[in-house]
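Fold and contact review
Listed below are the residues making up each chain.
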Amino acid sequence: MSEKLSIFNALFWDLWLMKHLRNIASVKYQFMVAFFMLIVYGMFNIGPSGVPWIPAVAGLSFLGGGFIALATSRIISKTRLTENEDLDTDK
């Protein structure tokens, strides 16, 4: 049955392709790509005074802070504060 569903007749590559397409389709990914492009453009675009629009330190700290915020939010969202019904530690 899985051969009928496969695009490349290879399950690994199908899952890999679907994972990347799902990531590209997510709004969070598109939002981060847009911010990344704007910040990198601002860091390398030299204004009329010879100074970049966004200083390198500010741009890199913003990108690093965004990465840390996304990583932290993912860890927090994956952490459960409640137990499901299968696991009962009160016994």
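Residues numbered from 1 in each chain as written. Predicted model: local features only at pLDDT ≥ 70, side-chain atom pairs only at ≥ 80, totals over all residues. Heavy atoms only, no water.

The next subject is the overall build of the protein. Counting its regular elements, the protein contains four helices and zero strands. Counting only residues that meet the buried cut, the protein has 10% of its 91 residues in that class. Nonlocal contacts in the protein, meaning residues at least 24 apart in sequence, comprise 15% of its contacts between residues at least 6 apart. Per element, the accessible surface of the protein, about 8200 Å² overall, is 70% carbon and sulfur. (Helix = DSSP H or I, 4+ residues; strand = E, 2+ residues; numbered from the N terminus. Buried < 20%, exposed > 50% of the residue type's maximum accessible area, 1.4 Å probe, protein only. Contact = heavy atoms within 4.5 Å. Areas by Shrake-Rupley, 256 points an atom, 1.4 Å probe, with all protein chains shown as cover.)

With that settled, the discussion passes to the packing of aromatic side chains. Applying the stated criterion across every chain, the model contains three aromatic pairs. Between F35 and F62 the ring centres are 5.9 Å apart and the planes differ by 70°, which places this aromatic pair in the edge-to-face class. Of the two residues, F35 is situated in helix α3 (residues 27-44) and F62 in helix α4 (residues 56-78); the sequence distance between them amounts to 27 residues. You can call F62 partly exposed: its relative accessible area is 44%. (Phe/Tyr/Trp six-rings, centres within 6.5 Å; stacked < 30°, edge-to-face > 60°.)

For the protein, the average pLDDT comes to 77, and 73% of its residues sit at 70 or higher. Here helix α1 (residues 2-5) stands out as the least confident element of the protein, with mean pLDDT 58; α3 is the most confident, with 86. (pLDDT = per-residue confidence, 0-100.)

A grouping of L21, I24, Y29, V33, F36 and M37 is seen on the molecular surface, where their side chains present a nonpolar patch of about 580 Å² in accessible area. When contributions to the nonpolar patch are tallied by element, the ones reaching two or more residues are α2 (11-25) and α3. Of all the elements, α3 adds the most residues to the nonpolar patch, at four residues. Residue position: V33 is located in helix α3. (Patch = residues over 30% accessible without salt bridge, like charges linked within 9 Å, V, L, I, M, F, W, Y side chains within 5 Å. Salt bridge = Lys/Arg side-chain N within 4 Å of Asp/Glu carboxyl O.)

The subject of this paragraph is the packing of α2 against α3. Interaxial distance between α2 and α3 falls to 5 Å at its minimum, and their mutual angle equals 65°. Judged by the inter-axis angle, α2 sits roughly perpendicular to α3. Between α2 and α3, the contacting residues are N23, I24 and A25 on the first element and V27, Y29 and Q30 on the second. In terms of residue class, the contact of α2 with α3 is made up of four nonpolar, two polar and no charged. (Axes fitted to C-alpha atoms, helices over the stretch in contact; angles between N-to-C directions. Parallel < 35°, antiparallel > 145°, perpendicular 65-115°, else oblique. Nonpolar A, V, L, I, M, F, W, Y, C, P; charged D, E, K, R; others polar.)

For N45, the position within the fold is in the loop between α3 and α4. Here N45 falls in the buried class, since its relative accessible area comes to 17%. N45 has contacts with V51, P52 and W53, leaving out every residue within four places of it along the chain.

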